[in-house]
Amino acid sequence: MGSRLVSSQPVPDSSPFRYQRGELYCEAVPLPLIAEQVGTPCYVYSRSAILNNYRHFSGAFRAAEALTCYAVKANSNLAVLRLLAQLESGFDVVSGGELRRLQTIGADLTRVMFSGVGKTTAEIRLALEQDLLALNVESIEELETVARLAADMGCQARISLRLNPDVQVETHPYISTGMRQHKFGIDPEKIESLVAVIKKSRHLDLVALGCHIGSQILDVKPFQDSFVKLQALAGEFGRRGLPVQILDLGGGIGIPYRGEAPAPIEEYARFLTEHRNGYRLVLEPGRFIVGNAGILLSRVLYRKTNREKSFVIVDAAMNDFMRPALYQAYHEVLPVQQREPSQTVDLVGPVCESGDFFAKERHLPEVAQGDLLAVMNAGAYGFALASNYNSRPRPAEVMVDGGNHRIVRRRERFEDLIELEQ
Ligand code: LLP
């Protein structure tokens with residue numbers, strides 16, 4: 001790899017995004033080739049990285065006999081879903097739209113968890129028409145609604161109860177979900193009411209208890225704590241005549257964005273193997289599977305300086321990639337042409353908001369108009385969170401497989417933006 005990498009946190013050896021002869025590649029495809037053929041901004045995904053991440057994850061939890069249900073919300077591109085379905089992944093969905101994506105690719109719906117704090121009756125009906133692994137219910141009123149709809153439809157609803165384990169995690173407050181002040185899950189104190197509703201209905205079949213404590217968590221302790229709580233609660237339900245077979249621990253395992261130590265998933269897996277006591281387990285990783293498998297590729301439009309700052313303005317913006325604006329998230333930025341860092345700049349987009357930045361006070365190499373930059377680790381919650389703010393068409397998505405690449409979602413056109421308007 002010749003000269004030193006331009007970043008203080010070098011691309012790890014296992015990354016599919018690596019410099020070859022001074023140019024950044026995804027697998028065996030040079031990124032300038034993609035930029036030229038597809039245009040910028042665009043998302044670029046590595047098929048092999050998704051494959052490896054999935055195998056790493058499901059392999060680590062094999063001894064614990066956990067079913068991996070990929071959280072579709074992290075990246076719901078059909079090509080990504082198809083790849084994971086081929087690997088026999090299960091899925092976690094949180095809307096009728098996500099479920100319909102899985103129907104579109106012909107995924108095995110018996111391995112699908114349907115979560116979400118506010119499912120509509122249309123979504124519940126859609127779920128009940130399929131033979132899903134379970135509908136993950138998040139309130140007593142939802143439970144009653146499911147019972148009523150299942151009775152109307154004359155079917156059995158296989159349900160899971162998402163409980164709120166009141167476990168604190170170290171992550172951004174917007175993506176911490178497992179404490180009492182959060183809207184998620186049901187307070188375990190409500191157990192008697194839950195049991196009463198379930199026993200009263202002939203249409204509810206309680207198969208699982210679940211929780212999801214948050215996202216981008218790099219420490220295993222909170223997962224272990226919530227598993228212990230969940231298992232104790234399963235005992236409580238069992239003692240009341242409602243034994244469950246499945247414990248669903250949700251997703252949330254973080255990835256290194258800034259050179260952090262990776263989450264010790266093997267330790268988590270060992271803990272589950274030792275403590276699962278015969279329960280079947282479900283895990284719902286999103287970020288872990290796709291996060292480091294994607295980048296946002298963009299081109300420098302302009303540079304400017306004032307008395308205080310230097311700015312690099314690129315053609316991607318917060319509408320294309322929300323994480324920095326929304327969570328003050330740190331994302332590595334690499335120049336596609338490898339060079340030493342020599343300046344401190346703010347990397348910003350064209351949108352009319354000061355929150356439209358990708359990096360602040362970042363040490364980057366000198367760049368010129370037309371140069372390409374890669375925002376790293378953008379495969380999870382990248383395109384999925386993109387919007388049309390400022391009437392900007394959403395970027396194209398490209399999948400790289402070895403030396404080949406193909407567009408898996410074309411760039412939106414202006415006509416797409418106005419199509420639904422009268
Ligand atoms: N299961 C449930 C019920 C969830 O709500 C989530 C994520 C997951 C699984 C997957 O979590 P993961 O393994 O990806 O951490 N937009 C934010 C993340 C929001 C996560 C929402 N729930 C971000 O960009 O950081």
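Parameters and conventions
Residues numbered from 1 in each chain as written. Predicted model: local features only at pLDDT ≥ 70, side-chain atom pairs only at ≥ 80, totals over all residues. Heavy atoms only, no water. Axes fitted to C-alpha atoms, helices over the stretch in contact; angles between N-to-C directions. Helix = DSSP H or I, 4+ residues; strand = E, 2+ residues; numbered from the N terminus. Parallel < 35°, antiparallel > 145°, perpendicular 65-115°, else oblique. Contact = heavy atoms within 4.5 Å. Pairing = 2+ DSSP bridges. Buried < 20%, exposed > 50% of the residue type's maximum accessible area, 1.4 Å probe, protein only. Right-handed = clockwise from strand over helix to strand, strands pointing away. Core = buried A, V, L, I, M, F, W, Y, C linked by side-chain atoms within 4.5 Å. Salt bridge = Lys/Arg side-chain N within 4 Å of Asp/Glu carboxyl O.

What to know about the packing of helix α6 (residues 140-153) against helix α7 (residues 191-200)
Point 1. Interaxial distance between α6 and α7 falls to 10 Å at its minimum, and their mutual angle equals 5°. Taken as axis vectors, α6 and α7 run roughly parallel relative to one another. For the pair α6 and α7, contact is made by I140, L143 and E144 and by S193, L194, V197 and I198, respectively.

Describing the sheet that holds strand β5 (residues 66-71)
Point 1. Spatial ordering of the closed barrel is given by β5-β6-β7-β8-β9-β10-β11-β12, a layout of eight strands whose pairing is parallel. The mean angle between the axes of side-by-side strands here comes to 30°, regardless of whether they run parallel or antiparallel.
Point 2. As defined by bridge partners, strand β10 (residues 204-210) adjoins strand β11 (residues 246-248) across three bridges and the pair is classed as parallel. By the bridge assignment, A208 is partnered in β11 with I246.

So, the pairing of strand β6 (residues 90-93)
Point 1. Here β6 shows a buried face lined by G90 and D92 and a second buried face lined by F91 and V93.
Point 2. Relative to β6, β5 runs parallel, the two being bridged by three bridges. Within the sheet, the bridge partner assigned to Y70 lies in β6 and is F91.
Point 3. In this fold, β5 hands off to helix α3 (residues 78-86), which returns the chain to β6; that crossover is right-handed.
Point 4. Sheet analysis places β6 next to strand β7 (residues 112-114), joined by three bridges and oriented parallel.

Comments concerning the nonpolar core
Point 1. Formed by 109 residues in total, the largest nonpolar core has its most connected members in F61 and L161.
Point 2. Residue contacts for L161: discarding those within four places in its chain leaves N136, V137, L143, I186, L194, I198, L206, A208, L209, G210 and F237.
Point 3. Within the second largest apolar cluster, 21 residues are counted, among which are C26, L297, A396 and V398.

So, the pattern of salt bridges
Point 1. Tallied over the entire structure, the rule returns 17 salt bridges.
Point 2. Between E366 and R303 there is a salt bridge, with its nearest N and O atoms 3.5 Å apart. Note that E366 is positioned in the loop between β17 (357-364) and β18 (372-375) and R303 in strand β13 (residues 294-305), a separation of 63 residues in sequence.
Point 3. Overall, the relative accessible area of 42% leaves E366 in the partly exposed class.
Point 4. Residue classification places R303 among the partly exposed positions, given a relative accessible area of 46%.
Point 5. Beyond isolated ion pairs, a larger network of salt bridges with shared partners links E192, E236, R239 and R240.

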